[in-house]
Amino acid sequence: DRAAGELRCDGVCVKMSHPRELVAAGCLAVANQHLARAIRTISVARGYDPRDYVLVAFGAAAGQHACAVARELGIRQVLSHPDAGLLSAYGIGHAQQERHESLGVYRIVDNSLPTEIHAMLEPVMLRLVDQLAREASVSAAQCQTAWSLELRYRGYDATLVIDGASTEAESNGSPWRAAFERAHRQAYGYLHEGRALELVAVHCVARTTSHERPALSTAAPPVNAVPRRHVDAHFDGWQATSHFDREALPWGAVIEGPAIIAEPFATTVIEPGWRAQLLTGGELLLTDIAGPEAQMHSAGDDAVMLEVFNQQFAGIAEQMGVTLRNTATSVNVKERLDFSCALFTSTGDLVVNAPHIPVHLGAMGETVRRVIADNPDIAPGDVYVTNDPYRGGSHLPDVTVVTPVHGQTHGELLFFTASRAHHAEIGGITPGSMPPFSKKLAEEGVLIRNLKLIDAGTSRFAELERILCEAPYPSRNVAENLADVRAQVAANHYGLRALEALVARYTLPVVRQYMERIQAAAEQKLRAAVAKLPRGQRRFTDHLDDGTPIAVAITVDDAGLEIDFEGTGPVSAGNLNANRAIVHAAVMYCLRVLIDEDIPLNAGVMKPVRIKLPECLLNPPERDVPEDCAAIVGGNVETSQRIVDVLLGAFGLAAASQGTMNNLLFGDGSFGYYETICGGAGATSRKPGADAVHTHMTNTRLTDPEVLERRYPVVLQEFRIRTGSGGAGQHRGGHGVVRRLEFLRPLVVSLLTQRRGPYAPYGSDGGQPGALGRNSLQRANGEMIELPGAAQLSIETGDVLTIETPGGGGWGKILDRAGQQEVTDSNRPSVKSEH
């Protein structure tokens, strides 16, 4: 109803502040962002840059999105088959056929190697061409060949593939190294000066040539264009647009956008700044003649562009994670996905945190701000690394890499990219770097307080290696540490280049403006959610297994939320101490749950929140040396879960989940393995808790059994749901799991777990608590040993460890069959009650 300014769909009426056409165009722009983000993520995951390819539009609606999506991806050409709307397999039958062969080499590159490789290539290429010609029924003259080199620095896992033809043009004496170093600097932002280069493999391919096509005509199509009107995705209003029938167009026809080309099964929209050419096979080749600058436009006051930039920033952070996973070597990063990536303003305010690990949410902002404070002369090409829990870190195994982004013209500091990854081994008194009984920070591993890892493009990895090797309790797997840190550097560098491209496309003022507006939008949404809460104070207390209370008082007032942890137990002599960064992450996570809609997770969420944190278990004092700092490794994994339980209890949002990450570590002097184990989620007023999931502050995967058994000396005997462990109620709590491992050689095993007694995961609204967890060991001689929540022991060959994880609490009393029993508020833990 244009007159009333309403949009109606399936009985739902939405009041509009803009004409309905612009609302529709805005929805189209957001949809295009989602499409581009998906394509970009999948391409990056496979190691491809979309800009190097032509976008093929398949599907009846694809032609209506293709130009906008291609421009979003930086792709300059789009190809639309005449039967694209039918999603046919026609193209497969006409695609180029190829034959591949790879030659494993694994040789250090020296002056003689290129000559040897060229001698090897000729017979391989002849064989491939002969095979292809026979299979494709073509002549050898109709086949083309190409080759590429897979190279890496000696001692490293990450490889880069270099086009063989590109190395032929090098005039210096090291053509392979020159091409490799260009690619390495572009991908990772630094070089390893003086390090030997290794040729891993040579890849050869033979393919059939494309059919010859007549030259395209540049003449205007001899058809009558029907004038139409079209609203584009840039919100510039209606535009005069020509309309063509695809079946009436002759070969070689050239059409300038804006235009609409209709066909029996699809419609193609030629955006302004694009040119369409009809090829001899009936395909439409769309070319972006205006380039990315066509999408530069000022930042207007519209919600659509806000969502577009939100998708852009989130996409960059997610693709950083893809890069990190692809280039890392450790099981902890590649398989368990124990990492997070984020973007920050030049002052260290969080812009977006990819949805990786909740305990990292918002926690890296303090790290970035400490890097800024500790390094007043941050220069282009610098990269910093730290794991200090007292300077924004979480615990020592979580290593954070911070990369500044400078302007390419004036060198102004613009943004930061950062990645945090859990290193399964970084020293300490036990393998796996999470000792159950550590008393001081120094016992938990190597402290990297503030290291400039790359200095204006010059690598200082040797200094990092020295720190890892010479600490009082050095790392047991320095090579893996260095490899994963390099992967983090690569991930950050991807984010750097993506932000530079965003600035080049939209201009710096526009990007900065939307960074600010996204934070303002998050703040506004949180304030709106808080405004719906009743005014007053809500209290809740839960306890760690040793009886230490974690208490919170949440006050809702006109200014927002005050979250006061007064009453929490004192600084622990053990390692269950948390810190401000962990508390900040737990609070942000719970606020995200409180807001029942998808919002960007950034610094704006915390602006209406006042956190009062006295010196206590959640805020131990900072000391100058790690030998004097309180131990903290368990606070990140165990105490963080209990912080969430008390916050959700105070808000009355859910019963307790398992309340632990069930940390299992094993290893010896040569390696350390680490995993967290899933359990039961707490029920809510809406539905039962989920079974066998990583709850709240952990979002990692468990290592696949095949990978676990192939890389480590264990056999996974059993892994199943622990039926009956979820608390009863109108909505049942989620069940935990049973995980049973047999060890194949002597090792040291550590357990760091909670909810083993006496404080079970609480139920809400009369629901029953979930079952406590249980740890046990069966020796090879048959002896059965019950293990406490925290344990460290020597394992012999044939010993079997069983971990039964806690269930989640139930929600609501169970009514009798007649439904006569009422659910009372006597056990409701959300308002002025203690558990």
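Data block above holds the structure.
Numbers given to residues run from 1 along each chain, matching the order in which its sequence is written. With the structure being a predicted model, the display of local features is reserved for residues of pLDDT at least 70 and the display and counting of side-chain atom pairs for 80 or more, all residues being used for whole-chain, interface and lining totals. Note that the side-chain values use all heavy atoms of the structure and ignore hydrogens as well as water.

What about the nonpolar core?
So, step 1. Think of a nonpolar core as a cluster: buried Ala, Val, Leu, Ile, Met, Phe, Trp, Tyr and Cys residues, connected wherever their side-chain atoms sit within 4.5 Å. Each residue gets one of three labels from its accessible area relative to the maximum for its type: buried under 20%, exposed over 50%, partly exposed in between, using a 1.4 Å probe on protein chains only. Counting residues in each nonpolar core, the largest one holds 69 residues, and the members touching the most others are V552, F565, V587, L591, L618 and L647.
So, step 2. Contributing elements (two or more residues each) for this core: β16 (339–345), α9 (364–374), β20 (413–422), α12 (508–531), β24 (549–557), β25 (560–564), α13 (580–594) and α14 (633–651).
So, step 3. Only DSSP runs of H or I with at least four residues qualify as helices, and only runs of E with at least two residues qualify as strands; both kinds are numbered from the N terminus onward. Among the elements that take part in this core, α13 stands out by supplying 11 residues, more than any other.
So, step 4. By definition in these notes, contact holds between two residues if any of their heavy atoms fall within 4.5 Å. Look past the residues within four positions of V552 in its chain and what remains in contact with it is R538, R539, F540, I563, D564, F565, V646, L647 and A650.
So, step 5. A328, L496, L508 and M515 belong to the second-largest nonpolar core, a separate cluster that totals 40 residues.

What to know about the packing of aromatic side chains
So, step 1. Ring pairs are drawn from Phe, Tyr and Trp, using the six-membered ring of Trp, whenever the two centres fall within 6.5 Å, and their geometry is named by plane angle: stacked under 30 degrees, edge-to-face over 60, tilted for the rest. One pass over the structure, following the stated rule, counts 11 aromatic pairs.
So, step 2. When the ring of F309 is compared with that of Y514, the centres are 4.5 Å apart and the planes differ by 5°; the resulting orientation is stacked. Here the residue F309 occupies a position in helix α7 (residues 303–327), and Y514 occupies one in helix α12, the gap between them amounting to 205 residues.
So, step 3. Taking 4.7 Å as the distance between ring centres and 50° as the angle between the ring planes, the aromatic pair formed by Y673 and Y712 counts as tilted. Within this pair, whereas Y673 is found in strand β28 (residues 672–675), its partner Y712 is found in the loop between α15 (705–711) and β29 (714–722), the two being separated by 39 residues in sequence.

A closer look at the packing of helix α10 (residues 461–470) against helix α11 (residues 478–506)
Packed helices, taken two at a time, are described by the angle their axes make and the gap between the axes.
So, step 1. For helices, the axis comes from a line fit to the C-alpha atoms of the stretch in contact; other axes are also lines fit to C-alpha atoms, and the angle between any two N-to-C directions lies between 0 and 180 degrees. Two numbers describe how α10 lies on α11: the axes approach to 10 Å, and their chain directions differ by 140°. Taken together, the axes of α10 and α11 lie oblique to each other. Crossing handedness for the pair α10 and α11: right-handed. Here α10 contributes F461, L464, E465, L468 and C469 to the contact with α11, which in turn contributes V478, N481, L482, V485, R486 and V489. An angle below 35 degrees is read as roughly parallel, one above 145 as roughly antiparallel, one from 65 to 115 as roughly perpendicular, and any other as oblique. By the definition used in this description, the sense in which the near helix is turned from the far one sets the handedness, with an anticlockwise turn below a right angle giving left-handed and a clockwise turn giving right-handed.

A few points about α10
So, step 1. Where α10 is concerned, the buried positions are F461, L464, I467 and L468. Projected onto a plane normal to the axis of α10, the buried residues spread over an arc of 115° and lie on a single side. For α10, exposure combined with an orientation more than 90 degrees from the buried face picks out A462 and E470. The reported arc concerns the directions from the helix axis to the C-beta atoms and nothing else.

Considering the pattern of salt bridges
So, step 1. The salt bridge criterion pairs a side-chain nitrogen of Lys or Arg with a carboxyl oxygen of Asp or Glu, the two atoms within 4 Å. All told, the structure shown has 40 salt bridges when counted by the stated rule.
So, step 2. In this structure, the salt-bridge partner of D374 is R391, at a minimum N-O distance of 2.5 Å. Linking D374 in helix α9 with R391 in the loop between β18 (383–386) and β19 (398–406), this pair joins segments that are 17 residues apart in sequence.
So, step 3. According to the relative accessible area criterion, D374 is partly exposed, its value standing at 29%.
So, step 4. Its salt-bridge partner being E675, residue R739 comes within 2.8 Å of it at the nearest N-O pair. Here R739, found in strand β30 (residues 736–743), pairs with E675, found in strand β28; they are 64 residues apart in sequence, far enough to count as distant. Accessibility classification places R739 together with E675 in one group, the buried group.
So, step 5. Look at the salt bridges and you will find they share partners, linking D349, E366, R369, R370, D374, R391 and E622 into a network.

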